[in-house]
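Next come the chains, spelled out residue by residue.
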Amino acid sequence: MPLIEINDISKIYRLGDIDVNALNSVSINIDKGEFVAIMGQSGSGKSTFMNILGCLDKPTSGRYSLEGVDVAGLTRDELAAIRNKKIGFVFQGFNLLSRTSALENVELPMLYNGLPARDRKGRAAAALDKVGLSGRENHHPNQLSGGQQQRVAIARALVNEAPLILADEPTGNLDTKTSTEIMELFVRLNAESNITVILVTHEHDIAAFSKRTMKFLDGRVVSDSPTIKL
Amino acid sequence: MINIPSTIKISVRALRVNKMRSALTMLGIIIGVGAVITMLAVGTGARQKIGEQIASMGSNLLIVLPGATTSGGARMGAGSQMTLSMGDAEAILKECPAVQTVAPNLGGVAQVISGNQNWSTGVTGTTPGMLVVRDWQISEGRSFTDDDVRGATKVCLLGQTVVENLFGSIYSIGQVVRIKNVPFTVIGVLDRKGQSPNGQDQDDTIWIPVTTAQKKIFGTTFPGMVRIVMVKARSTEDLPAAEEQIKELLRQRHRIGQKQDDDFTVRNLTQMMQAAEQSARIMALLLGSIAGVSLLVGGIGIMNIMLVSVTERTREIGIRMAVGAKTWDIRLQFLIEALILSLIGGGIGILFGVSGSQVLSTIAGWPTIVSPFSIFLAFSFSGVVGIFFGFYPAMKASLLDPIEALRYE
């Protein structure tokens, strides 16, 4: 069974009187352990696709099942529970809570699944260690560099042992050297922990770290092939 | 499954980020709760003072006054005519089943001399029943007896104020005082009673047997007449019955026909006190509505700030939702924030209210009592305000679209 099964999904937004077809009957399967790069211009539908993958949004039509669970019929709170357990998010703008230490930022997902406080600290520290940030637990986001902040965000995505990480332009705010480091971290997590990584990017050299590349154009997948290594 | 301790921690941190704003938001609640506490303290204090005054007058007390005379068309007011007699007093005691004790009174103001001291005070001729009627105790010596009344002996009981003015620290029992130049032996001292409801010093008094008063001090035109008769009913419930029985009896004894007016009046002091208590209650109600308005305004302040806070923290809410916060996780976070604001405000308000009541009783001389119940009431009220006015902003936060919230700048 594939991790992600997407069957003929469409997403239509109403903007005033005009219907915008953000996604137009997309069908895709992604297996556990894949490393997928999604490319496309802005407005190509890739962000909408990521939102649906991340259970933040629901398709207008079509079927999406994650680990065999059909997401379409789920309530707001059930979707929240799925995001909590199965999906880790990494954003372009890091999206860490300011005035909150790195450790507490990583603890955040565990606040919402009833884990006792003493377990949370240990697991958050372990996740920070995994992304190479041990010793920085008590630093606040404004005391960390961009690359370090993104590592905190990755640790947060890992901490609930989600099988899927969705990264929306994770290197968009980083310089080339730091971008490479972050991408190497994704590659390592993918290889060592068999975590499925799906990332959106504009840049070919970032996409080159993946194993499979999809291109979106006008709400459709126009190409889907193994990544060509540079 | 909602993690309350962590939620509280998050809320406290959010409030501490904007200390000044949080403090100002609390101000409305502080003022409201402070007003509630002060209002209740003033109300309770007034009620207790009135209660004490009722008790000091003597409980279940009825006063029978003679009627008004009419002199050349001008009515002279209650008590201007002497229509009550010792016989009336005895008949009331004997024939009215709802009456426990009676005490006929005949008194006036007289100059009292002892040694080289003199003092002008109220001298009351009465019977031993007076002690029961007025719920008054003897602190030293003994009371006069029915034999003293029958024999018109020249003995007296002194009130505390009289003792202080005539004797100072000298032991007064057995000493002689001269009332209107008639020597009386002091046989007892009355307990301290304090002020009457209309501010009179009740301890500025001398009691003598009523017969002695009639014969030796306040000579009356008709022998055996008394100024007033004080009556103690068996219980509060018996008061109306006692009043009816006395009226019936006296109309008979005074031979008053069907269409004639009574030549006496029966006053129910407890009822008068209850009227005073009623007005204190109205005062408290008035203050209460002021407190209610300021709590309402305080609540709106909380709602306003919580709405601002939800808008400011839209992105934070989005992040929390993305990592799995459910509707009630977010709702509770903001509700707890509002609750903390209102409860801390309530706590500070209680401190202000308690010290405000103290200041009021010191400066204005109002009796104030802060009861634990009023503190409980004010605290729970501020909690209710927090939840009520925090609910809409919390609701709004929890229903944000996570995608929109994450994109919010």
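Above: the structure in question.
## Regarding the pattern of salt bridges
Then, number 1: Scanning the entire structure with this criterion turns up 24 salt bridges over all chains.
Then, number 2: Note that Arg212 of chain A is salt-bridged to Asp224 of chain A, the shortest N-O span being 2.8 Å. On the criterion of sequence distance, the pair formed by Arg212 of chain A in strand β9 (residues 212-217) and Asp224 of chain A in strand β10 (residues 220-226) is long-range, its members being twelve residues apart.
Then, number 3: Relative accessible area serves as the criterion here: at 14%, Arg212 of chain A is assigned to the buried category.
Then, number 4: Notably, a salt bridge pairs Glu312 of chain B with Arg21 of chain B, separated by 3.1 Å at the nearest N-O pair. In this pair, Glu312 of chain B is assigned in helix α9 (residues 269-312) and Arg21 of chain B in helix α2 (residues 19-57), connecting sequence segments 291 residues apart.
Then, number 5: Judged by relative accessible area, which is 48%, Glu312 of chain B ranks as partly exposed.
Then, number 6: Residues joined by salt bridges that share partners form a network here, namely Arg313, Glu316, Arg320 and Glu337 of chain B.

## Some points on the interface of chain B and chain A
Then, number 1: The interface of chain B with chain A comprises 28 residues on the first partner and 26 residues on the second.
Then, number 2: A combined buried area of about 2300 Å² lies between chain B and chain A, and 55% of that area is made up of carbon and sulfur atoms.
Then, number 3: Three residues stand out in chain B for area buried against chain A, namely Ile319, Val323 and Ile403 of chain B, and they jointly supply 24% of the buried area on that side.
Then, number 4: One can count two salt bridges joining chain B with chain A.
Then, number 5: Its salt-bridge partner being Glu104 of chain A, residue Lys9 of chain B comes within 3.8 Å of it at the nearest N-O pair.
Then, number 6: Our count for the chain B to chain A interface comes out at nine residue pairs in polar contact (both at pLDDT 80 or more).
Then, number 7: Those elements giving two or more residues to the side of chain B that touches chain A turn out to be α1 (4-17), α10 (314-322), α11 (327-363) and α13 (402-407) of chain B.
Then, number 8: Ranked by residue count, the leading element in the side of chain B that touches chain A is α10 of chain B, at six residues.
Then, number 9: Taken together, the residues that form the side of chain B that touches chain A break down as 13 nonpolar, six polar and nine charged.

## Describing helix α7 (residues 210-217) of chain B
Then, number 1: Where burial is concerned, most of α7 of chain B is hidden: six out of the eight residues are buried.
Then, number 2: Burial in α7 of chain B covers these residues: Val210, Thr211, Thr212, Ala213, Gln214 and Ile217 of chain B.

## A look at a nonpolar patch on the surface
Residue and element names in this part refer to chain A.
Then, number 1: Together, Tyr13, Leu15, Ile18 and Val20 make up a nonpolar patch on the protein surface, roughly 370 Å² of accessible area in all.
Then, number 2: Mapped by element, the contributors of at least two residues to the nonpolar patch are β1 (4-15) and β2 (18-30).
Then, number 3: With respect to the helices, strands and loops of the structure, Ile18 is situated in strand β2.
Then, number 4: Overall, Ile18 belongs to the exposed group, its relative accessible area being 57%.

## A few points about the nonpolar core
Then, number 1: Ranked by size, the top nonpolar core spans 71 residues in total, and within it Ile4, Ile38, Phe49, Leu53, Tyr64, Leu66 and Ile198 of chain A carry the most contacts.
Then, number 2: Looking at which element gives the most residues to this core, the answer is α11 of chain B, with nine residues.
Then, number 3: Ranked by size, the runner-up nonpolar core spans 64 residues in total, among them Val102, Val149, Ile208 and Met230 of chain B.

## Re the sheet that holds β2 of chain A
All names here are of chain A.
Then, number 1: Reading across from one edge, β2-β1-β4-β5 is the order of the four strands in this open sheet, with antiparallel pairing throughout. Each end of this open sheet is capped by a strand with a single partner; those strands are β2 and β5 (69-70).
Then, number 2: Helix α1 (residues 46-53) contacts β1, β2 and β4 (61-66) of the sheet and is inclined by roughly 120° relative to β1.

## Topic: the packing of aromatic side chains
Then, number 1: By the definition in use, this model includes four aromatic pairs over all chains.
Then, number 2: Where Phe49 of chain A meets Phe216 of chain A, the ring centres are 5.0 Å apart and the plane angle is 40°; that geometry is what we call tilted. Here Phe49 of chain A, found in helix α1, pairs with Phe216 of chain A, found in strand β9; they are 167 residues apart in sequence, far enough to count as distant. For the pair shown, Phe49 of chain A and Phe216 of chain A are each scored as buried.
Then, number 3: The interplanar angle of 80° and the centroid separation of 5.0 Å between the aromatic rings of Phe388 of chain B and Phe389 of chain B together place this pair among those described as edge-to-face.
Then, number 4: For Phe389 of chain B, a relative accessible area of 9% translates into the label buried.
Then, number 5: Across the ring face of Trp136 of chain B, the terminal group of Lys193 of chain B is positioned such that the distance to the ring centre comes to 5.2 Å.

What counts and what doesn't
Each chain carries its own residue numbering, running from 1 in the direction its sequence is written. Chains carry letters from A onward and ligands carry numbers from 1 onward, assigned in written order. This being a predicted model, a pLDDT of at least 70 is required before a residue's local features are given, and a value of 80 or more before pairs of side-chain atoms are given or counted; all residues contribute to the totals for chains, interfaces and linings. By convention in this description, side-chain values take in all heavy atoms of the structure and omit both hydrogens and water. Here a salt bridge means any side-chain nitrogen of Lys or Arg lying within 4 Å of a carboxyl oxygen belonging to Asp or Glu. For the purposes of this entry, the term helix denotes a DSSP run of H or I that reaches at least four residues, the term strand denotes a run of E that reaches at least two, and both are numbered from the N terminus. For every residue, the accessible area (1.4 Å probe, protein chains only) is compared with the maximum for its type, and the residue is labelled buried under 20%, exposed over 50%, or partly exposed between those bounds. Contacts between residues were defined by any pair of non-hydrogen atoms, one from each residue, lying within 4.5 Å. When two parts are put together, the accessible area they lose, computed with a 1.4 Å probe and summed over both, is reported as buried area. For the purposes of these results, a polar contact is taken to be a pair of N or O atoms within 3.5 Å, where, inside protein, one atom must be able to donate a hydrogen and its partner to accept one; residues adjacent in sequence count only when each atom of the pair is a side-chain atom. Residue classes follow a fixed rule: Ala, Val, Leu, Ile, Met, Phe, Trp, Tyr, Cys and Pro count as nonpolar, while Asp, Glu, Lys and Arg count as charged, and any other residue, Gly among them, counts as polar. Exposure above 30% relative accessible area and the lack of any salt bridge qualify a residue for a patch; like charges then connect within 9 Å, and the nonpolar side chains Val, Leu, Ile, Met, Phe, Trp and Tyr within 5 Å. Where accessible areas are quoted, they stem from the Shrake-Rupley method and a 1.4 Å probe; at the residue level, only the protein chains shown are allowed to cover. We define a nonpolar core as any set of buried Ala, Val, Leu, Ile, Met, Phe, Trp, Tyr and Cys residues linked to one another through side-chain atoms lying within 4.5 Å. Paired strands, in this sense, are two strands between which DSSP finds at least two bridges. Axis lines are fitted through C-alpha atoms, for helices just across the contact stretch, and the angle between N-to-C directions can take any value from 0 to 180 degrees. Pairing of aromatic rings covers Phe, Tyr and Trp, the last counted by its six-membered ring, and requires centre-to-centre distances within 6.5 Å; plane angles under 30 degrees mean stacked, over 60 mean edge-to-face, and any other angle means tilted. Here, a charge over a ring means that NZ of Lys or CZ of Arg falls within 6 Å of the ring centre while also lying within 35 degrees of the ring normal.

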